[in-house]
Amino acid sequence: KQWYQRRVRGEAAERTLKKLAKLNCKSSEKCNFTLQREEGEIKEPDNQGLFHRAPSILKQIGKVKEFLTILALGFSSLFVYYTLAYSMPRFLNEGFCSADDAFLSNTNHTSSSTEQTVDDCEFQKSVLFDLGVISLFEPLGVLMAAIFVDIVGRKRVFFSSIVGIMLSQTALYFCVNRNYTMIFFILAKFFAAQLAWSTFLLGAEGFPTEIRSFVLAVSVGTQRLGGIFGIACSQFVFDLNPRFVLLSIQVGALMSGGCLFALKYDATGRQID
């Protein structure tokens with residue numbers, strides 16, 4: 001921990017001196033310099049094998065809790081994203097608020113409604129088009145987040161994404177028109193794409209260079225694990241009750257919000273190490 005704190009203070013001092021030198025030196029003079037290390041200064045650890053020693057370094061610099069929080073954020077954010085991605089086709093194709101859907105599967109249907117149910121089991125081509133339109137809003141969501149993270153702050157942007165997911169999924173609890181269902185899914189995917197990006201940004205900015213690759217590598221693994229659970233939830237839970245899928249998405253979003261709240265750092269407006 002001492003070498004990390006010493007390095008951070010040294011780099012900050014060097015940046016300050018360079019700014020002062022740039023203001024005071026004449027244009028013809030060379031103002032480039034580096035600070036000399038004092039004798040006996042604590043040396044940074046050797047980079048060789050640093051990836052394998054990353055857990056011990058995390059413990060030394062006191063960032064184990066933040067590391068685990070990033071892992072939980074990665075799991076929950078991708079759980080939300082994949083649950084949305086894999087449940088949308090069934091919501092749009094099969095419906096969930098009519099007499100022939102899974103909500104009322106225990107109701108005695110007439111022969112006409114039974115025929116309609118069989119037709120609904122076939123995947124409609126119009127749904128493929130709708131899914132393509134919804135997917136177009138994913139890169140737009142990430143682009144908007146990339147623009148505003150330096151304006152309003154990282155955590156505020158991702159908190160707003162969670163609020164958007166919660167509101168859009170709450171609206172789907174009610175029997176809304178299919179066109180409105182598509183609009184709410186557009187909003188949900190717009191914000192879910194932003195939230196899925198949070199792990200890469202916050203994980204990279206919250207840890208020093210020596211262990212940054214380790215943090216991101218492990219967080220990607222937990223993201224994929226969350227995606228697997230999301231896919232399973234979107235299929236098996238939908239058969240039980242589609243509203244449980246909506247509830248699962250909201251629970252995942254709330255878990256992501258708790259992780260964001262637990263992270264104390266925000267690199268907005270600061271230069272990372």
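For clarity, every value in this text was computed on a predicted model and none was experimentally measured.

Cut-off values and rules
Residues numbered from 1 in each chain as written. Predicted model: local features only at pLDDT ≥ 70, side-chain atom pairs only at ≥ 80, totals over all residues. Heavy atoms only, no water. pLDDT = per-residue confidence, 0-100. Helix = DSSP H or I, 4+ residues; strand = E, 2+ residues; numbered from the N terminus. Contact = heavy atoms within 4.5 Å. Buried < 20%, exposed > 50% of the residue type's maximum accessible area, 1.4 Å probe, protein only. Polar contact = N/O pair within 3.5 Å; in protein donor to acceptor, adjacent residues only side chain to side chain. Core = buried A, V, L, I, M, F, W, Y, C linked by side-chain atoms within 4.5 Å.

## As for the confidence of the model for the protein
Looking at the protein, the pLDDT average stands at 76 and 70% of residues meet or exceed 70. Put simply, helix 4 (residues 111–120) is where the protein has its lowest mean pLDDT, 44, and helix 10 (residues 242–262) is where it has its highest, 90. Per-residue pLDDT stays below 50 along residues 98–119; that stretch engages in 19 contacts with residues further than four places along the chain or on separate chains.

## Description of the side chain of Arg154
Within the secondary structure, Arg154 is located in helix 7 (residues 154–171). Since its relative accessible area comes to 7%, Arg154 is described here as buried. Only 3.3 Å separates the side chain of Arg154 from the backbone oxygen of Val149, close enough to count as a polar contact. For Arg154, the side chain forms a polar contact with the side chain of Glu205, separated by 2.6 Å.

## Focus: the nonpolar core
Membership of the largest hydrophobic core comes to 50 residues, with the highest contact counts inside it found for Ile165, Phe185, Leu202 and Phe207. Mapped by element, the contributors of at least two residues to this core are helix 2 (54–60), helix 3 (64–94), helix 5 (125–135), helix 7, helix 8 (178–205), helix 9 (209–240) and helix 10. Dropping the residues within four chain positions of it, Phe207 is found in contact with Leu58, Lys63, Glu66, Phe67, Ile70, Arg212, Val215 and Tyr265.

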